[in-house]
Amino acid sequence: MTEYKLGDGYFHRDGSSCKIDILDDKIDNANLMLVGPTGSGKTVNLMEKLMDYEEKHDAKIVIFDCCGAYNNLHLLLESYEKKSEFYEFDEGFVKSMLKDSAYNNDDEGCAFLKDMNCLPDILSINFKPFLKMGEEHAMSKVLLALLEHISHIVSSDNGGRDTIIVMDEVHNYLRAIGLSNAMQEFSDRIAHLNTKNTWVWMATQNVDEIPQESTSLLNKFEYWEILAMHPHEFEGLSRLKNITSKQKSQILSMEKKQHCYVEGIFLNRTNTESNQVFRFCASSLALILCANEAHERRQRLAVMENNGLSEIEAIKHMERKLHESRWGPLKY
């Protein structure tokens, strides 16, 4: 098991620890829908979770990516000798799909999986070209095929480990699935994956862009995590999930304290900690791993050049500096 410093994590408003384990506490499934508006720390929250569940549960991670937000997680896990693989669809592949309007060779988009007897510890699959070219129907076909292939792989050999499939910016995928009239097939694929201890974690800041036909699927997810949002953003949320008056009051009371914590709530059926407002305080490591804006990458490059460090060494150097500025000396 990997060992590294995790964040201060989840706390109640009174300062007591908030213990929720999505894998251990599940009844029906460990699927998660995470909703957090821009600036709420949604991606940092997911990054923290992935580090945590990889460490505690030795979970495998598959990331359906469209923005490269989790590339640094590969560097971290590789530094602990974890097996890491990337795959990126290129525009040439997308164009080859479009040349034939009757394109049915879904397997071609999954060729890189065919020789896998088991999944690596972390695998990222980049869908950005589909979104850049506006080819959502093609993306939908490949997405469904990938889920089918992953199901075959985990069925044959997953070593008894849970697998977490991450779909950040999930409104893009659900919109593509909806436009292709494939929501029931998508739901069936997820249900089948669940029988193989493979769980889907979705996240979005754009609930208004999630199609209404995905409501049935999303309400089968055992866990919803909602981060602090403005009142006008609540209406989009209530369109997708039934919210009680008490839960609405709790959600609208939540706040974010800059550089300290963001409040949120878990809505699930499994844990006495659920349906209570928590405060999430990210670790310095998760914050540095998510620092992917152009100026942040330039800063990391400068640290590498000025100190003769590799990229992962620079990440850990910056983690230590950030931690010291927040909490004092970092102790591993």
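Whatever comes next refers back to the structure up there.
Residues numbered from 1 in each chain as written. Predicted model: local features only at pLDDT ≥ 70, side-chain atom pairs only at ≥ 80, totals over all residues. Heavy atoms only, no water.

Asks: Would you mind going over unusual backbone geometry with me for this structure?
Replies: Trans is the common state for peptide bonds, and a negative phi is the common state for residues other than glycine. Not every positive phi belongs to a glycine, and Glu81 is a case in point at roughly 65°. Tracing the chain through its elements places Glu81 in the loop between helix H2 (71–79) and strand S4 (84–88). Phi at Asn197 is positive, roughly 55°, even though this residue is not glycine. Its location among the elements puts Asn197 in the loop between helix H7 (183–194) and strand S7 (198–204). (Helix = DSSP H or I, 4+ residues; strand = E, 2+ residues; numbered from the N terminus.)

Asks: Looking at this model, I keep getting lost on the nonpolar core. Mind explaining?
Replies: The tendency in soluble globular proteins is for nonpolar side chains to be buried as a group. Of all hydrophobic cores here, the largest spans 105 residues; its most connected members are Phe64, Phe127, Phe130, Leu146, Met167, Phe186 and Met202. Leave out the neighbours within four places in its chain, and Met167 touches Phe64, Leu143, Leu147, Tyr173, Phe186, Val200, Trp201, Met202 and Ala203. (Core = buried A, V, L, I, M, F, W, Y, C linked by side-chain atoms within 4.5 Å. Buried < 20%, exposed > 50% of the residue type's maximum accessible area, 1.4 Å probe, protein only. Contact = heavy atoms within 4.5 Å.)

Asks: Which parts of the structure should I look at to understand the side chain of Thr215?
Replies: Counting through the fold element by element, Thr215 comes out in helix H8 (residues 215–218). A distance of 2.7 Å separates the side chain of Thr215 from the backbone oxygen of Gln212, its partner in a polar contact. (Polar contact = N/O pair within 3.5 Å; in protein donor to acceptor, adjacent residues only side chain to side chain.)

Asks: Would you mind going over the side chain of Lys82 with me for this structure?
Replies: Summarising the element assignment, Lys82 is placed in the loop between H2 and S4. Classification of Lys82 as buried rests on a relative accessible area of 15%. Engagement of the side chain of Lys82 in a polar contact is seen with the side chain of Asp58, the distance being 3.4 Å.

Asks: Looking at this structure, how should I read H7?
Replies: Each α-helix turn comprises 3.6 residues. Residues three or four places apart therefore point the same way. Between its first and last C-alpha, H7 extends 17 Å over twelve residues, near the 16 Å set by a 1.5 Å rise per residue. Taken together, the buried positions of H7 are occupied by Met183, Phe186, Ser187, Arg189, Ile190, Leu193 and Asn194. Here the buried residues of H7 occupy an arc of 160° about the axis, which is enough to place them on one side. Tucked inside the fold, the buried residues of H7 contact helix H5 (136–156), strand S6 (163–167), helix H6 (170–179), S7 and H8. (Expected span 1.5 Å × (residues − 1). Arc of directions from axis to C-beta.)

Asks: Sorry if this is basic, but what is going on with the packing of H2 against helix H13 (residues 311–326) here?
Replies: A pair of packed helices is characterised by two quantities: the angle between their axes and the separation of those axes. Across the interface, H2 lies against H13 with an axial gap of 10 Å and an inter-helix angle of 100°. It follows from the interaxial angle that H2 and H13 lie roughly perpendicular. Of H13, the residues touching H2 (which contributes Asn72, Leu75, Leu76 and Ser79) are Glu311, Ile312, Ile315 and Lys316. Residues belonging to the contact of H2 with H13 are distributed by class as follows: four nonpolar, two polar and two charged. (Axes fitted to C-alpha atoms, helices over the stretch in contact; angles between N-to-C directions. Parallel < 35°, antiparallel > 145°, perpendicular 65-115°, else oblique. Nonpolar A, V, L, I, M, F, W, Y, C, P; charged D, E, K, R; others polar.)

Asks: Help me understand the pairing of strand S11 (residues 277–281), please; the structure alone is not making it clear to me.
Replies: Residues in a regular strand project their side chains so that they alternate between the two faces of the sheet. Buried residues dominate S11, accounting for four of its five residues. Bridge count for strand S1 (residues 9–12) against S11 is four bridges, and the pairing is antiparallel. In the sheet register, Tyr10 faces S11, and the bridge partner there is Phe280. (Pairing = 2+ DSSP bridges.)

Asks: Would you explain the environment of Ile177 in this entry?
Replies: Relative to the helices and strands, Ile177 is located in helix H6. The buried category is assigned to Ile177, whose relative accessible area is 0%. In this structure the C-alpha to C-alpha distance between Ile177 and His137, which are 40 residues apart in sequence, comes to 7.5 Å. Other than its neighbours up to four places away in sequence, Ile177 contacts Ser140, Leu143, Leu144, Ala182, Met183 and Phe186.

Asks: Please clarify how the pattern of salt bridges should be interpreted in this entry.
Replies: Oppositely charged side chains may form a pair once their charged atoms are brought near each other. Tallied over the full model, the rule gives 17 salt bridges. The partner of Lys82 in a salt bridge is Glu54, with the nearest N and O atoms 3.0 Å apart. You can see Lys82 sitting in the loop between H2 and S4 and its partner Glu54 sitting in helix H1 (residues 42–57), a full 28 residues away along the chain. Accessibility assignment for this pair places Lys82 and Glu54 in one class, buried. Between Arg279 and Glu263 there is a salt bridge, and its shortest N-O distance comes to 2.8 Å. Placement of the pair is Arg279 in strand S11 and Glu263 in strand S10 (residues 261–267), with a sequence separation of 16 residues. Glu263 sits in the buried class, given a relative accessible area of 1%. Bridged by salt links that share partners, the residues Glu54, Asp58, Lys82, Asp121 and Arg161 form one connected network. (Salt bridge = Lys/Arg side-chain N within 4 Å of Asp/Glu carboxyl O.)

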